[in-house]
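# Structural overview for review
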Amino acid sequence: MSKKVISILLLWSCGAPAVAFAGFFSKKDERWNTYVARVEEVASRERAIPRVAIERTVQFLESNRARLENRINNRSVVIINDFTEESTRDRMFVIYVNLGKVERYKVAHGIGSGEGPHVYKCSNTEGSKATPPGFMLVQNENRNSSFGSALYMDSLESRNSNSRERAVVFHPNKSAAERARILREYGFIDLSEGCTQLTKEDYYKLKPRVQGGSLLYNFCPEDKD
């Protein structure tokens, strides 16, 4: 075998893995950038979502990619809970990143954040019974919760770091009929102790779509400015 052929083979054997390695990371970059761009694109179509909430979501994803890339395992859905709106409104926005659509639901807030329809403050403090602010992960099912089924939620920011200790979860509570009755009688929906609380019907519809590590943002009044 000639020295020229040997040189070519050596170059290929050393260079091919490096090229493949670079290609792997290039595709990884592309997948993450596409995910972030799609979140912004799809969310922006829903005019009811505050623009600042979308901007904060995109900024959070871009600034924290290194630690989020291996944690956000379910990239088909992003949830923004707009707690600057009252609980009589459909203020949970479920953004279907791949499908390019947004669904809206009513969601309760913690009684410690406001005993009526409005959220006045969010809190990470144990015993506050308030909604924790900021970005979190909706994880897998806890079948032994007091609600029968619930989805664990993990902190992604220091300002909601006590969520596990506080047993803040994504869970069902009242039926749609019960919630409607409460709304008629009191002028606002049922309250939680800080959890993302839905009707039974909405929870079981959304559970298979959002579990497994999807991003959730509790957009609180302090994030508005």
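Residues numbered from 1 in each chain as written. Predicted model: local features only at pLDDT ≥ 70, side-chain atom pairs only at ≥ 80, totals over all residues. Heavy atoms only, no water.

### A short note on the layout of surface pockets
In plain terms, the rule: Of the two site types, the cavity is a set of points on a 1 Å grid over the protein atoms alone where a 1.4 Å probe fits but cannot get out, and the pocket is an open set with protein on both sides within 12 Å along at least five of seven lines, each lined by residues with an atom within 4 Å of a point. Grid points are joined across faces, edges and corners, and a volume is the space filled by probe spheres set on the points. In the scheme used here, Gly and all other residues not listed as nonpolar or charged are polar, with Ala, Val, Leu, Ile, Met, Phe, Trp, Tyr, Cys and Pro taken as nonpolar and Asp, Glu, Lys and Arg as charged.
Here the largest pocket is characterised by a volume of approximately 290 Å³. Along the walls of the largest pocket sit 19 residues, with Phe147, Arg166, Ala167, Val169 and Cys195 positioned nearest its centre. When grouped by side-chain class, the residues that make up the lining of the largest pocket number seven nonpolar, eight polar and four charged.

### Structural notes on the sheet that holds strand 4 (residues 134-142)
Selection criterion: Two strands qualify as a pair provided DSSP detects at least 2 bridges between them. By the criteria applied, helices consist of DSSP H or I runs no shorter than four residues and strands consist of E runs no shorter than two, each listed in order from the N terminus. The axes used here are C-alpha line fits, helices contributing only the stretch in contact, and every angle between their N-to-C directions lies in the interval 0 to 180 degrees. Contacts are residue-level and defined by heavy atoms, with any inter-residue pair within 4.5 Å sufficient.
Pairing is mixed across the open sheet formed by eight strands, whose spatial order is 3-2-1-8-4-5-6-7. The sheet is open, and its two edges are formed by strand 3 (101-105) and strand 7 (196-198), each paired on a single side. Direction aside, neighbouring strands of the sheet carry axes that sit 25 degrees apart on average. Sheet topology places strand 5 (residues 150-155) next to strand 6 (residues 169-172); two bridges connect them, and they run antiparallel. Pairing of Leu151 across the sheet is with Phe170, part of strand 6. Contacting strand 1 (77-82), strand 4 and strand 8 (214-219), helix 2 (residues 51-63) crosses the sheet at an angle of about 135 degrees to strand 8.

### What about the side chain of Asn74?
Mapped onto the fold, Asn74 is located in the loop between helix 3 (65-68) and strand 1. Contact partners of Asn74, with chain neighbours within four places excluded, come to Arg209, Val210, Gln211, Gly212, Gly213 and Ser214.

### Re the side chain of Thr131
Secondary-structure assignment places Thr131 in the loop between strand 3 and strand 4. Setting aside residues no more than four positions away along its own chain, Thr131 makes contact with Phe83, His109, Gly110, Ser113, Cys122, Ser123, Gly194 and Asn218.

### Here we look at the nonpolar core
What counts is decided by this rule: Definition of nonpolar core: a set of buried residues of the types Ala, Val, Leu, Ile, Met, Phe, Trp, Tyr and Cys, connected through side-chain atoms within 4.5 Å. Using a 1.4 Å probe on the protein chains alone, a residue whose accessible area is under 20% of its type maximum counts as buried, one over 50% counts as exposed, and one in between counts as partly exposed.
Within the largest apolar cluster, 25 residues are counted, with the highest numbers of intra-cluster contacts made by Tyr35, Ile49, Leu61, Ile72 and Leu215. Taken together, the elements giving at least two residues each to this core come down to helix 1 (3-45), helix 2, strand 1, strand 2 (92-96), strand 4 and strand 8. The dominant element in this core, judged by the number of residues it contributes, is helix 1, at six residues. Residues in contact with Leu61, not counting those within four places in the same chain, are Trp32, Tyr35, Val36, Val39, Leu68, Ile72 and Leu215. Residues Val107, Leu151, Phe170 and Leu206 belong to the second largest nonpolar core, which totals 21 residues.

### A few points about the state of the cysteines
Disulfide: a covalent bond connecting the sulfur atoms of a pair of cysteines. Counted only if it meets this: The definition used for a disulfide is geometric: two cysteine sulfur atoms within 2.5 Å.
The final tally for this structure, using the stated rule, is one disulfide. Covalent S-S linkage joins Cys122 and Cys220, the inter-sulfur distance amounting to 2.1 Å. Between Cys122 and Cys220, the disulfide has an S-S torsion of -85 degrees and is therefore left-handed. Remark: Cys220 occurs in the segment after strand 8 and Cys122 occurs in the loop between strand 3 and strand 4; sequence separation between them is 98 residues.

### Quick word on unusual backbone geometry
Not every positive phi belongs to a glycine, and Lys129 is a case in point at roughly 55 degrees. Counting through the fold element by element, Lys129 comes out in the loop between strand 3 and strand 4.

### Some words on the pattern of salt bridges
Any two side chains of opposite charge can pair, given that their charged atoms come close. Defined as follows: The working definition used for a salt bridge is a side-chain nitrogen of Lys or Arg within 4 Å of a carboxyl oxygen of Asp or Glu.
Overall, the coordinates contain 18 salt bridges when judged by the stated rule. With its nearest N and O atoms 3.5 Å apart, the salt bridge here joins Glu55 to Arg51. Of this pair, Glu55 and Arg51 both sit in helix 2, four residues apart, roughly one helical turn. For Arg51, a relative accessible area of 37% translates into the label partly exposed. A salt bridge links Arg89 to Glu85; the shortest N-O distance between them is 3.5 Å. Residue Glu85 is classed as partly exposed on the basis of its relative accessible area of 29%. Residues joined by salt bridges that share partners form a network here, namely Lys101, Glu103, Lys205 and Arg209.

### So, the pairing of strand 3
Sheet faces and side chains relate simply in a regular strand, where the side chains alternate between the two faces. Examined bridge by bridge, strand 2 and strand 3 share five bridges and lie antiparallel to one another. Of the residues in strand 3, the one forming a bridge with Tyr96 is Lys101. With antiparallel pairing between neighbouring strands as the criterion, strand 2 and strand 3 make up a hairpin whose turn holds four residues, including Gly100 at a positive phi of roughly 75 degrees.

### Remarks on the packing of aromatic side chains
Keep this limit in mind: Here a pair means two rings of Phe, Tyr or Trp (six-membered ring of Trp) with centres within 6.5 Å. Their orientation is stacked below 30 degrees between planes, edge-to-face above 60, and tilted elsewhere.
The full count for this structure, using the stated rule, is seven aromatic pairs. On the numbers, 4.1 Å between centres and 5 degrees between planes, the contact of Phe60 with Phe135 is stacked. Placement of Phe60 in helix 2 and of Phe135 in strand 4 is noted, with a sequence separation of 75 residues between them. With relative accessibility at 4%, the residue Phe135 sits in the buried group.

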